[in-house]
Amino acid sequence: MIIEVHDPDDPRLDDYALLKDQAARREREGAEFFIAEGYVSIDRVIDSGHRLRSVVVTPSRVERLLAGRPEIAARDVPVYVVDRAVLAGTVGFDLHRGVVASADRKPVPTVLDIARSPARRVAVLVGLNDAENVGVIARAARALRIDALVLDPTCTDAYSRRTVRVSMGEVLH
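First things first, this report covers the structure right here in the doc. (Residues numbered from 1 in each chain as written. Predicted model: local features only at pLDDT ≥ 70, side-chain atom pairs only at ≥ 80, totals over all residues. Heavy atoms only, no water.)

### Quick notes on the sheet that holds strand 2 (residues 33–37)
Step number 1: Strand order in this open sheet of 5 strands is 1-4-3-5-2, and the pairing throughout is mixed. The outermost strands of the open sheet, each flanked by one partner alone, are strand 1 (2–4) and strand 2. Taking each pair of neighbouring strands and ignoring which way they run, the sheet shows an average axis angle of 20 degrees.
Step number 2: In the sheet, strand 3 (residues 52–57) pairs with strand 4 (residues 79–81) via 3 bridges, with the strands oriented parallel. Considered in strand 4, the bridge of V55 is made with V79.
Step number 3: Contacts from helix 2 (residues 38–47) reach strand 2, strand 3 and strand 5 (99–104) within the one sheet, and its direction differs from that of strand 2 by about 140 degrees. (Pairing = 2+ DSSP bridges. Helix = DSSP H or I, 4+ residues; strand = E, 2+ residues; numbered from the N terminus. Axes fitted to C-alpha atoms, helices over the stretch in contact; angles between N-to-C directions. Contact = heavy atoms within 4.5 Å.)

Quick look at the structure:
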């Protein structure tokens, strides 16, 4: 479903509004959805089993997106094609990657869920409130074959846009 959008205030783009405003994003996203920027992060969203709600892409990126991930079209995920000015007007800055997606969050497992799972190598993060640090740790943990990350309540949201981007989507696994 490729749909051209020409108005940055089109309600179909509401998931993407004001991406830099962290307080507004927490309120807007809640426990419902999250944002993934760039091809690699979107690949990880799909591979992790999270359901895409929609994708916003500039015209020059449509072909690469759909050729690389045909399941986007197969699953009837809306692909909103916007020019760079509309994208910047929607998200609130120049998103140079030109591709961003919204996806449903999965329920976060509890520590008890992890203890009952086959996970044996678990990293515990306490008091990390920088999204980029959590993202780097998640990416490294995946490379080191850590089975699970446990974040205490004082840590930043593992589904924050910056955490997902910096982890290259690995935090979703």
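### With respect to unusual backbone geometry
Excluding glycine, residues mostly carry a negative phi; peptide bonds, for their part, are mostly trans.
Step number 1: Phi at L18 takes a positive value of approximately 50 degrees, unusual for a residue other than glycine.
Step number 2: Tracing the backbone shows L18 in the loop between strand 1 and helix 1 (22–29).
Step number 3: On the basis of relative accessible area, L18 is assigned to the partly exposed category, the value being 44%.
Step number 4: Not every positive phi belongs to a glycine, and M168 is a case in point at roughly 55 degrees.
Step number 5: If you trace the backbone, M168 turns up in the segment after helix 8 (161–166).
Step number 6: You can call M168 partly exposed: its relative accessible area is 35%. (Buried < 20%, exposed > 50% of the residue type's maximum accessible area, 1.4 Å probe, protein only.)

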